[in-house]
Amino acid sequence: MAGGAVEEIVRRAGGCAVIDGGFATQLEALGADINDPLWSAACLITKPHLIKEVHMQYLEAGADVIISSSYQATIPGFLARGMLLEEAEGLLRTSVELALEARDEFWKSTLRKSKPVYNRALVAASVGSYGAYLADGSEYSGSYGEDITTEELKDFHRRRLQVLGSAGPDLIAFEAIPNKMEAQALVELLEEENIQVPSWICFSSVDGKHLCSGESFADCLQILNTSDKVAIVGVNCTPPQFIEGIIRELKKQTKKAIAVYPNSGEVWDGRAKRWLPAECFGHKSFDVLVKRWREAGASLIGGCCRTTPSTIRAVSRILKGRTAYSAAHQI
């Protein structure tokens, strides 16, 4: 599997590319109501223009990779809203198309300037975990029950992966995967469907030493290392104070590129569906941590829940060594 596009964007970004930040957080800031089982994916139905606006804000902040709004977008979820199968699949494609449109429009405007200072961003199609679809907190525990099997997880993801992969993304981003069984299912599915789009698989962790399920990173990396369709491994939706240690652990276990995009530091209560205050890192602290993550070996760095374009602007400024937020290397 050619990961050439990833290697190129990392090179052009100066050795560490910038991933965008929290999506639902920014949709809410723009006035969207995402108190919905579909979470931010509900805006694909009601307010697609806001999704495109969020993509544009992250591009302006210096993101080299933007992630589609399909994390919680599943065919069963859309069917439960009374949609036809064709409509559900159309919304999945729309999530990628909105990101591609934003990327292309932003790039066109950049090229009009005498000295372009951004990279042409990559678009990653987001695939959330089975637990994200259940919306019962299991995406944070990794506990899907004793009855779920690898084959059932493959069947759950199969059609969504086919549709998203055919919509024209540069990458497929499997996000916040909480257990080893789902990682195994995804690796097998990529092979079975012969997906040609490079993928990343990012896990989530609550303690910095294990997946949410309690399983080890080492066991999961053994699975991912067997697949040349997985170009990038990493973690997201994880407290920032754990990231450096996780990067160092991943570096011992794999030669693949490493992506990290943690939360702000607040903690999500999946059952109560609210953010709990915790030791929340301000942008200055986040900046300091970003330097350490790069030095530890991360190739792609961004933010997840509760991070914003201002967070990503600060990350871009630090990683790309300029004083302005539009700090990417000229092409």
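Structural notes, computed from the coordinates. Values in this document were obtained by computation on a predicted structure and should not be read as measured data.

1. Some words on the overall build of the protein
Piece 1. Secondary structure summary: the protein contains 14 helices and 10 strands in total.
Piece 2. Whereas a compact globule of 331 residues would reach a radius of gyration of roughly 20 Å, the protein reaches 18 Å, a difference of no more than 12%.
Piece 3. Each of the 331 residues in the protein was classed as buried or not, and the buried ones make up 58%.
Piece 4. In the protein, 36 positive and 41 negative side-chain charges are present, and the distance between their average locations comes to 10 Å.

2. Some remarks on the packing of helix α9 (residues 150-165) against helix α10 (residues 180-192)
Piece 1. Packing of α9 against α10 brings their axes to within 9 Å, and their N-to-C directions diverge by 50 degrees. Relative to α10, the element α9 lies oblique. Where α9 crosses over α10, the two elements pack in a sense that is right-handed. Contact with α9, carried on its side by Thr-150, Glu-151, Leu-153, Lys-154, His-157, Arg-158 and Leu-161, involves Met-181, Glu-182, Gln-184, Ala-185, Leu-186, Glu-188, Leu-189, Leu-190 and Glu-192 of α10 and no other residues of that element.
Piece 2. Residues belonging to the contact of α9 with α10 are distributed by class as follows: seven nonpolar, three polar and six charged.

3. Thoughts on unusual backbone geometry
Piece 1. Positive phi is not limited to glycine here, since Ala-176 has a value of about 50 degrees.
Piece 2. Considering the arrangement of structural elements, one finds Ala-176 in strand β4 (residues 171-177).
Piece 3. The class of Ala-176 is buried, set by a relative accessible area of 3%.
Piece 4. The backbone of Arg-306 sits at a positive phi, close to 70 degrees, despite the residue not being glycine.
Piece 5. Note that Arg-306 resides in the loop between β10 (300-301) and α14 (309-320).
Piece 6. Judged by relative accessible area, which is 32%, Arg-306 ranks as partly exposed.

4. Thoughts on the sheet that holds β10
Piece 1. The strand order across the open sheet built from eight strands is β1-β10-β7-β6-β5-β4-β3-β2, with neighbouring strands paired in parallel fashion. The open sheet has two edge strands, β1 (17-18) and β2 (65-67), and neither has a second partner.
Piece 2. Relative to strand β7 (residues 257-261), strand β6 (residues 230-236) runs parallel, the two being bridged by five bridges. Note on β7: the bridge partner recorded for Ile-232 is Ala-257.
Piece 3. Relative to strand β3 (residues 122-127), helix α6 (residues 85-111) is tilted by about 160 degrees, and along the sheet it contacts β2 and β3.
Piece 4. Across the sheet, helix α12 (residues 243-253) lies against β6 and β7, angled at about 165 degrees from β7, the strand it touches most.

5. Looking at the pairing of strand β5 (residues 199-203)
Piece 1. Among the five residues in β5, five count as buried, and that is most of the element.
Piece 2. On β5, burial covers both faces: Ser-199, Ile-201 and Phe-203 on one face and Trp-200 and Cys-202 on the other are all buried.
Piece 3. Crossover β4 to β5 through α10 is right-handed.
Piece 4. Across five bridges, β5 lies against β6 in parallel orientation. In the strand pairing of β6, Cys-202 is matched with Gly-234.

6. Considerations on the environment of Ile-172
Piece 1. Structurally, Ile-172 is set in strand β4.
Piece 2. Residue classification places Ile-172 among the buried positions, given a relative accessible area of 0%.
Piece 3. Along the sequence, Ile-172 and Val-197 sit 25 residues apart, while their C-alpha atoms lie 6.6 Å from each other.

7. What about the pairing of β3?
Piece 1. Counting buried residues along β3, six of its six residues qualify, which places the element largely inside the surrounding structure.
Piece 2. Residue alternation in β3 divides its side chains into two sets, Leu-122, Ala-124 and Ser-126 and Val-123, Ala-125 and Val-127, and both sets are buried.
Piece 3. Bridge analysis of β2 against β3 gives three bridges, and the strand direction is parallel. Across the sheet, the residue bridging to Val-65 is Leu-122, located in β3.
Piece 4. In terms of strand pairing, β3 meets β4 through four bridges, oriented parallel. Each residue of the ladder has a partner; that of Ala-124, found in β4, is Leu-171.

8. Examining α14
Piece 1. Over its 12 residues, α14 extends 16 Å from the first C-alpha to the last, a length consistent with the 16 Å expected when each residue adds 1.5 Å.
Piece 2. Inspection of α14 places Pro-309, Thr-311, Ile-312, Ala-314, Val-315, Ser-316, Leu-319 and Lys-320 among the buried residues, and these make up the whole buried set.
Piece 3. With its phi angle positive at about 65 degrees, Gly-321 sits one or two positions after the end of α14.

9. A closer look at the pattern of salt bridges
Piece 1. As enumerated under the stated definition, the model contains 19 salt bridges in all.
Piece 2. Here Arg-93 ties to Glu-89 by a salt bridge, and the two come within 3.9 Å at their closest N and O atoms. Placement of both Arg-93 and Glu-89 in helix α6 is noted, with a separation of four residues, approximately one turn of the helix.
Piece 3. As a salt-bridge pair, Arg-158 and Glu-192 come within 3.1 Å of each other at their nearest N and O atoms. Here Glu-192 lies in helix α10 and Arg-158 lies in helix α9, a separation of 34 residues in the sequence.
Piece 4. Residue Arg-158 is classed as buried on the basis of its relative accessible area, which comes to 19%.

The rules behind each value
Residues numbered from 1 in each chain as written. Predicted model: local features only at pLDDT ≥ 70, side-chain atom pairs only at ≥ 80, totals over all residues. Heavy atoms only, no water. Helix = DSSP H or I, 4+ residues; strand = E, 2+ residues; numbered from the N terminus. Rg over C-alpha atoms; globule rule 2.2 N^0.38 Å. Buried < 20%, exposed > 50% of the residue type's maximum accessible area, 1.4 Å probe, protein only. Lys, Arg positive; Asp, Glu negative; His and termini not counted. Charge placed at Lys NZ, Arg CZ, Asp CG, Glu CD. Axes fitted to C-alpha atoms, helices over the stretch in contact; angles between N-to-C directions. Parallel < 35°, antiparallel > 145°, perpendicular 65-115°, else oblique. Left-handed = near helix turned anticlockwise from the far one by under 90°. Contact = heavy atoms within 4.5 Å. Nonpolar A, V, L, I, M, F, W, Y, C, P; charged D, E, K, R; others polar. Pairing = 2+ DSSP bridges. Right-handed = clockwise from strand over helix to strand, strands pointing away. Expected span 1.5 Å × (residues − 1). Salt bridge = Lys/Arg side-chain N within 4 Å of Asp/Glu carboxyl O.

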